[in-house]
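# Residue-level structural notes
Read off the chains here:
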Amino acid sequence: PHLYDGETEPPIWDADCLSGYLRAGGATVVYVGEREERISVVDGSRSECGISSSRRFQNMLREHCRLVEQHDCPQWFNCKDDVTIWKRK
């Protein structure tokens, strides 16, 4: 676990999964959830943003893949989820 301001947080595992998928030759990622570019990130906020994935995951996705499709989806009132399809560069 990670410590943040004295509180224990769960480990960040999503980017490790994406990394393993790409190493294994994965070519398409379907991502459902919030993306940093769709939410307001407050200055001084934690390095992880949104409630769906880590910033590390999102940066890795943008670095290794290109966005090819975006679709709206049902979401909670305080979320900005969408469905995106990414292809490996």
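My aim in this report is to walk through the structure given alongside it, one point at a time. (Residues numbered from 1 in each chain as written. Predicted model: local features only at pLDDT ≥ 70, side-chain atom pairs only at ≥ 80, totals over all residues. Heavy atoms only, no water.)

### Side note on the pairing of strand β3 (residues 28-33)
- The alternating pattern of β3 places Val 29, Tyr 31 and Gly 33 on a buried face, while none of Thr 28, Val 30 and Val 32, on the opposite face, is buried.
- Pairing geometry for β3 and strand β5 (residues 82-88), over six bridges, is antiparallel. From the neighbouring strand, Gly 33 faces β5, where its bridge partner is Asp 82. (Buried < 20%, exposed > 50% of the residue type's maximum accessible area, 1.4 Å probe, protein only. Helix = DSSP H or I, 4+ residues; strand = E, 2+ residues; numbered from the N terminus. Pairing = 2+ DSSP bridges.)

### Brief notes about the sheet that holds β5
- Read across the sheet, three strands follow the order β3-β5-β4 without closing on themselves; strand pairing throughout is antiparallel. Both edges of this open sheet fall to β3 and β4 (65-72), since each of them pairs with a single strand only. Geometrically, the sheet is characterised by an average inter-axis angle of 20° between neighbouring strands, direction not taken into account.
- In this structure, β4 lies alongside β5, joined through seven bridges in antiparallel fashion. By the bridge assignment, Glu 69 is partnered in β5 with Ile 85. (Axes fitted to C-alpha atoms, helices over the stretch in contact; angles between N-to-C directions.)

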